[in-house]
Amino acid sequence: MYVNTKDILEKASKEYYAVPAFNINNMEFFHAILEGALEKRAPLIIETSEGAIKYAGNGDIFKGARYFVELVRLFADSVDIPIALHLDHGKHFEYIIAAIKAGYSSVMIDASEKPFEENLKETKEIVKIAHAAGVSVEAELGQLAGVEDNVVAAESVLVDPEQAKIFVEETGVDFLAPAIGTSHGAFKFKGEAKLDFERLKKVKELTKIPLVLHGASSVLPEYVKMAEEYGADLGGAKGVPEDQLKKCVELGINKVNTDTDLRIAFIAGLRKFLKENPKEFDPRHYLGAGKKLVKEVVMNRLEFLGAAGKA
Ligand SMILES: O=C(COP(=O)(O)O)NO
Ligand code: NA
Ligand SMILES: [Zn+2]
């Protein structure tokens, strides 16, 4: 069934497990993810960036938002696991409104690059509009470094737990993404991976709401290796080590944004298939090879984060 993201995350927050939020840009990733969640009997959060909406609508953001709502609801309404659709990194008012209008379960207002007072003001405004439409809201405090779609920040600026308390109280935001050292994409961390667990613990104590980890992909070596075996150039790719991810969940992270791990799995499957099947040109077959590995990563992550069996 199609639900509000908040319903999924409140339960996860109470029981200290996490639900991955999987980014999609097309139908194939959605089907791979849905199959994995059904097999694992897990709640499912599908999320799309503004770039994904523009891509699906071929430039028209209302069509793009409608496309994802229709695609997700078509299947969500006929299965017995809870499924939510979330706008990831909503930075522009028109995308946030298009998502609310189309029927998204939740929206992120990402004003994290702006000064605290401005982030607070913008978030408060979006919360008022979204809540009036029964839509829940995610916001971000502090900044991730790294690049994904058009989400770029030079250095990561870590969250201030005291500010997080004020921010949550003043805005009424439903779930919060505290920057604790992760970054988007396949090339995280300059040296050793280190996340600020103390800071995360404080934010949870002070805000007591579901928390979100962005840039949470682990950049799984076996998939990187396969992709490179068949011609990919991913030198230096590095993600969040799984033991550190587990610690984040124990400290109160409940939504784990996962995009890069799915992208690497897909390209590994696709490259391998194309190399081994030079005569193939049916898109359902070669895209299907990517889908298969995405489903594998999805099922492992649902199990790893404790979402399996929680539907
Ligand atoms: O934060 C993410 C995804 O992060 P990754 O690049 O680590 O998958 N989406 O909002
Ligand atoms: Na998000
Ligand atoms: Zn993110």
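Residues numbered from 1 in each chain as written. Chains lettered and ligands numbered in written order. Predicted model: local features only at pLDDT ≥ 70, side-chain atom pairs only at ≥ 80, totals over all residues. Heavy atoms only, no water.

1. Considerations on the pattern of salt bridges
- With the rule as written, the count across this model stands at 23 salt bridges.
- Between R73 and D77 there is a salt bridge, and its shortest N-O distance comes to 3.5 Å.
- Between K272 and E276 there is a salt bridge whose closest N-O contact spans 3.2 Å. One end of the pair is K272 and the other is E276, both in helix α11 (residues 260-276) and four residues apart, which spans about a single turn.
- Taking the relative accessible area as the measure of exposure, E276 reaches 44% and is therefore partly exposed. (Salt bridge = Lys/Arg side-chain N within 4 Å of Asp/Glu carboxyl O. Helix = DSSP H or I, 4+ residues; strand = E, 2+ residues; numbered from the N terminus. Buried < 20%, exposed > 50% of the residue type's maximum accessible area, 1.4 Å probe, protein only.)

2. Quick look at the coordination of the sodium ion (ligand 2)
- Those protein atoms acting as donors to the sodium ion (ligand 2) are H86 (NE2), D88 (OD), E138 (OE), E138 (OE) and K255 (NZ), and they sit at 2.6 to 3.1 Å.
- In primary-sequence terms, the residues that donate to the sodium ion (ligand 2) follow H-x1-D-x49-E-x116-K.
- Exposure remark for D88: the relative accessible area of 2% places this residue in the buried category. (Donors = N, O, S within 2.8 Å, 3.2 Å for Na, K, Ca; no water.)

3. Quick notes on the coordination of the zinc ion (ligand 3)
- Around the zinc ion (ligand 3), the donor atoms from the protein are H89 (NE2), H184 (NE2) and H214 (ND1), and they sit 2.0 to 2.1 Å away.
- Between consecutive donor residues of the zinc ion (ligand 3), the sequence gaps follow H-x94-H-x29-H.
- In this model, the zinc ion (ligand 3) sits 5.7 Å from the sodium ion (ligand 2). One end of the pair, H89, is in strand β3 (residues 83-90); the other, H184, is in strand β9 (residues 183-184), and 95 residues separate them in sequence. For the pair formed by H89 and H184, the shared burial category is buried.

4. Considering the pairing of β3
- Taking burial as the measure, the eight residues of β3 include eight buried ones, the bulk of the element.
- Of the pairings in the sheet, the one linking strand β2 (residues 44-48) to β3 comprises five bridges and is parallel in character. Residue pairing for β3: I46 is matched across the bridge by L85.
- Note that β3 and strand β4 (residues 106-109) share three bridges and pair parallel. (Pairing = 2+ DSSP bridges.)

5. As for the packing of helix α2 (residues 27-39) against helix α12 (residues 283-305)
- The N-to-C vectors of α2 and α12 enclose an angle of 40°; their axes lie 8 Å apart at closest approach. As judged from the angle between their axes, α2 and α12 are oblique. Considering the relative orientation of α2 and α12, their crossing is right-handed. Contacts between α2 and α12 involve E28, F29, H31, A32, I33, E35, G36, A37 and E39 on the former and, on the latter, L287, K291, V294, K295, V298, M299 and L302. (Axes fitted to C-alpha atoms, helices over the stretch in contact; angles between N-to-C directions. Parallel < 35°, antiparallel > 145°, perpendicular 65-115°, else oblique. Left-handed = near helix turned anticlockwise from the far one by under 90°. Contact = heavy atoms within 4.5 Å.)

6. Brief notes about the UniProt feature "binding site: Zn(2+) 2" (unreviewed entry) in the chain
- Taking the numbering used here, the UniProt-annotated feature "binding site: Zn(2+) 2" (unreviewed entry) corresponds to D110 and E140. Their sequence span is 31 residues, while the largest C-alpha to C-alpha distance among them is just 5.8 Å; these annotated residues converge on one region.
- In this fold, D110 is placed in the loop between β4 and α6 (116-132).
- Using a relative accessible area of 4% as the deciding quantity, one classes D110 as buried.
- Take E140: it is sitting in strand β5 (residues 136-141). (UniProt positions renumbered as here; feature names shortened; annotations may be inferred.)

7. With respect to the packing of aromatic side chains
- Counted according to the given criterion, the structure contains four aromatic pairs.
- Ring centres of F29 and F266 lie 4.7 Å apart, and the angle between their planes is 25°; on these two criteria the pair is classed as stacked. You can see F29 sitting in helix α2 and its partner F266 sitting in helix α11, a full 237 residues away along the chain. Of the two residues examined, F29 and F266, each falls in the buried class. (Phe/Tyr/Trp six-rings, centres within 6.5 Å; stacked < 30°, edge-to-face > 60°.)

8. Observations regarding the pairing of β5
- Most of β5 sits inside the fold, with six of its six residues counted as buried.
- The two faces of β5 match: S136, E138 and E140 on one face and V137, A139 and L141 on the other face are all buried.
- In terms of strand pairing, β4 meets β5 through four bridges, oriented parallel. Paired with S106 across the strands is S136, a residue of β5.
- In this view, the connection linking β4 to its parallel neighbour β5 by way of α6 has right-handed handedness.
- Bridging between β5 and strand β8 (residues 175-178) involves four bridges; their strand directions are parallel. (Right-handed = clockwise from strand over helix to strand, strands pointing away.)

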